[in-house]
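Below are the chains, spelled out letter by letter.
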Amino acid sequence: LGVIGKPLLVKCEVGQFLPSWRESADYRNSVSAQRKLGGGVLFELSHEIDYLGWIFGKIEWVRATIMQQSSLEIDVEDSAFLTLGIENKANPNLVANLSMDFIRHDFQRKCIVIGESGTIKWDGVKQQVSMLKQGESSWTNLLTTNDSSNDSYLAEWKDFIECLDTKKSPMAT
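Residues numbered from 1 in each chain as written. Predicted model: local features only at pLDDT ≥ 70, side-chain atom pairs only at ≥ 80, totals over all residues. Heavy atoms only, no water.

Asker: Please explain the sheet that holds strand β7 (residues 128-133) as it appears in this structure.
Answerer: The strands that make up a sheet pair up through hydrogen bonds in the backbone, lying either parallel or antiparallel. Sheet architecture is open: 8 strands sit in the order β2-β3-β4-β1-β5-β6-β7-β8, paired in mixed fashion. This sheet does not close on itself; its edge strands, each paired only once, are β2 (59-67) and β8 (140-144). Neighbour-to-neighbour, the strand axes of the sheet open up by a mean angle of 15°, direction not taken into account. Where strand β1 (residues 7-15) lies against strand β4 (residues 95-101), 7 bridges are found, and the strand directions are parallel. Looking at β4, one finds that Glu-13 is bridged to Ser-99. (Pairing = 2+ DSSP bridges. Helix = DSSP H or I, 4+ residues; strand = E, 2+ residues; numbered from the N terminus. Axes fitted to C-alpha atoms, helices over the stretch in contact; angles between N-to-C directions.)

Asker: Even after reading the chapter, I still don't get the packing of aromatic side chains, so can you show me in this structure?
Answerer: Each aromatic ring pair is specified by the distance between its two centres and by the angle formed by the two planes. Counted by the stated rule, this structure contains 3 aromatic pairs. Aromatic side chains Trp-21 and Phe-102 sit 5.7 Å apart centroid to centroid with 55° between the ring planes, which places their arrangement in the tilted category. Within this pair, whereas Trp-21 is found in helix α1 (residues 18-21), its partner Phe-102 is found in the loop between β4 and β5 (108-115), the two being separated by 81 residues in sequence. Taking the relative accessible area as the measure of exposure, Trp-21 reaches 27% and is therefore partly exposed. (Phe/Tyr/Trp six-rings, centres within 6.5 Å; stacked < 30°, edge-to-face > 60°. Buried < 20%, exposed > 50% of the residue type's maximum accessible area, 1.4 Å probe, protein only.)

Asker: It is not clear to me how unusual backbone geometry should be interpreted in this structure. Could you clarify?
Answerer: Working note: non-glycine residues mostly have negative phi, and peptide bonds are mostly trans. Positive phi, close to 55°, is recorded for Gln-127, a residue that is not glycine. Inspection of the secondary structure puts Gln-127 in the loop between β6 (118-123) and β7. According to the relative accessible area criterion, Gln-127 is partly exposed, its value standing at 24%.

Asker: Looking at this model, I keep getting lost on helix α3 (residues 47-56). Mind explaining?
Answerer: Given 3.6 residues per helical turn, the α-helix brings residues three or four places apart onto the same face. Within α3 the residues assigned to the buried category are Glu-48, Tyr-51, Leu-52 and Phe-56. All buried residues of α3 lie within an arc of 105° about the axis, which places them on one face of the element. The elements touched by buried residues of α3 are β1, β3 (79-86), β4, β5 and β6. Gly-57 occupies a position one or two residues after α3 and carries a positive phi of about 130°. (Arc of directions from axis to C-beta. Contact = heavy atoms within 4.5 Å.)

Asker: Looking at this structure, I do not really get empty space enclosed by the protein. What am I missing?
Answerer: Think of a ball as big as a water molecule: rolled over the atoms, this probe shows where empty space is left. Evaluated as defined, the whole model comprises 1 cavity of 30 Å³ or more. Here the largest cavity defines a volume of roughly 40 Å³. If you go around the largest cavity, the residues you meet are Leu-18, Trp-21, Arg-22, Ala-25, Asp-26, Tyr-27 and Ser-30. Residues of the lining of the largest cavity, tallied by class, amount to 4 nonpolar, 1 polar and 2 charged. (1 Å grid on protein atoms, 1.4 Å probe; cavity = no way out; pocket = protein on both sides within 12 Å on 5 of 7 lines; lining within 4 Å. Points joined across faces, edges and corners; volume = space filled by probe spheres on them. Nonpolar A, V, L, I, M, F, W, Y, C, P; charged D, E, K, R; others polar.)

Dropping the structure here:
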């Protein structure tokens, strides 16, 4: 993040309409839709919370609004709006806003980091990272990939099976 200077604000959102998430199954019977199975946006979309802590620093405090806004037949929250205070060396007052939901009709997964001298934008759907430097009028593409979202899962399983056969240490501990 040095290219955009000290991080000032992080804004993330992730969401997808739950009935269209796993089209081959009835969403009402899914883990996502049932409290007793550990569902809800906070558990199902928690990777955003994980990467915010991993990239920016320890989450010190949280303010949240968590609710069920839709008429989906679920017994869990379908929306969560979090403000996270992050322990960050460059900016001890760093705040991240995170919006998570099961209600939007367009799949979104993105994170924007606003720094003192520019902005970096990650779009997880388009698999792109772009940057806008202060004073510029157009975004610069830094990275685009075409990897399948399942590639990392397949690599992890292949490594696990190889570890069983060869007794080597796994990539993921």
